Amino acid sequence: MVEQLIKIFFLFTIAVYVVLSEDNCRILQFLEAKDGSALEKHIVIAIALNSEHSCRVQCYLENACVSYNFGKRVAGDEVCELNNSTDIQHPDDLKPRVNFIYRGAENSCGTTPCMNGGTCQSGFLPHGYRCLCAAGFTGLKCETDIDDYSANPCHNGGSCRDLVNGFKCDCPEGYLGTLCDTATSECKQYKFLNDSDRHSDFGRGKKKCDKNLTEDWYRFSAGAGTSIPTHCLPHHRCGTDMPGWMDGAHPTVDEGVVSRKVCFHGYYNCCHRHIMINVRNCSSFFVYRLKSVQDCASRYCGKS
């Protein structure tokens, strides 16, 4: 019994504390105490204890602790306050406090070695600290972005791009989905609208129309642009009298095929006539299921 008490006393009186576990070893080297002082704004835990030695052990057991305040509160009971920083990093936060002492430890986290949002814990061997990395990162200082696509999960010839804590598949034409595993016929089989006089920047020209356009899936390309405008166009644009524009936003890939209204601007009315179409986002381009218009003064317009 006496021998055990001597060992406990010895552990409480030395300035260096060591903790061993299956996967880490922590050492804290405490510095000289500062009487009548306490570090404010950095307390992580406050515990009622009756000795500074017990407070020091608690700091040692709390991985975030690198200093502590110990003393008597106004109510008269003794308290141990564990801090996650020291007066070296925050000298202005060390304040006078009656009946208290402040004791800091050497803090290897003072230089903020952990990168990419990692949390630093001081005292861990063999580097004097360890970093708890945020999701998607690894390494001593959390400096390495985890390769989330090493097995290339993208299907159908999709190429994989590594992102922070994830990846993105760039799908080939005709395939959609997170893994490029969804085939869509409209994204593979469509007709082109590529006449430069169909572009919304083009004027009236020869007054063309889409009255004879067969109902099918179409993709704007080349001089015609890449998509239907989503704002009202002035009169006499894209080679016609009443230019067509889409009333509504283009869909996302996940929305699939959606219905939209195409308005034709005529007689100073942005939607003098209209027609309903279908639209699909094929990831890198849009396709539209277009119908013939009612008269030969209207035309679907494109934009870049």
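Whatever comes next refers back to the structure up there.
Now for a description of the structure that goes with this document. What you are looking at is a predicted structure, and each value in this text was computed from that prediction instead of being measured.

1. Focus: the sheet that holds strand β22 (residues 298-300)
Spatial strand order, β16-β17-β21-β20-β19-β18-β22: seven strands in an open sheet with mixed pairing. In this open sheet, the two strands that pair with only one neighbour each are β16 (191-193) and β22. Taken pair by pair, the neighbouring strands of this sheet meet at an average axis angle of 40°, ignoring direction. Two elements, strand β18 (residues 242-247) and strand β19 (residues 258-266), share four bridges in a ladder whose sense is antiparallel. Bridge assignment links W245 to a residue of β19, and that residue is C263.

2. Let's talk about empty space enclosed by the protein
Summed over all chains, the structure comprises one cavity of 30 Å³ or more. The computed volume of the largest cavity comes to approximately 50 Å³. F264, R273, H274, I275, V293, Q294, D295 and S298 are the residues that line the largest cavity. If you tally residues by element for the lining of the largest cavity, the top one is strand β20 (residues 269-281), at three residues.

3. Focus: the sheet that holds strand β5 (residues 67-72)
Strand order in this open sheet of five strands is β3-β7-β5-β6-β4, and the pairing throughout is antiparallel. Two strands in the sheet have a free side with no partner beyond their single neighbour: β3 (34-39) and β4 (43-48). Each strand axis lies, on average, 40° off the axis of its neighbour in the sheet, ignoring direction. Strand direction decides the pairing type here: β4 and strand β6 (residues 78-83), joined by five bridges, are antiparallel. Residue pairing for β6: A48 is matched across the bridge by V79. Contacting β4, β5, β6 and β7 (94-104), helix α2 (residues 52-61) runs over the sheet at an angle of about 150° to β5.

Scoring rules and cut-offs
Residues numbered from 1 in each chain as written. Predicted model: local features only at pLDDT ≥ 70, side-chain atom pairs only at ≥ 80, totals over all residues. Heavy atoms only, no water. Pairing = 2+ DSSP bridges. Helix = DSSP H or I, 4+ residues; strand = E, 2+ residues; numbered from the N terminus. Axes fitted to C-alpha atoms, helices over the stretch in contact; angles between N-to-C directions. 1 Å grid on protein atoms, 1.4 Å probe; cavity = no way out; pocket = protein on both sides within 12 Å on 5 of 7 lines; lining within 4 Å. Points joined across faces, edges and corners; volume = space filled by probe spheres on them. Contact = heavy atoms within 4.5 Å.

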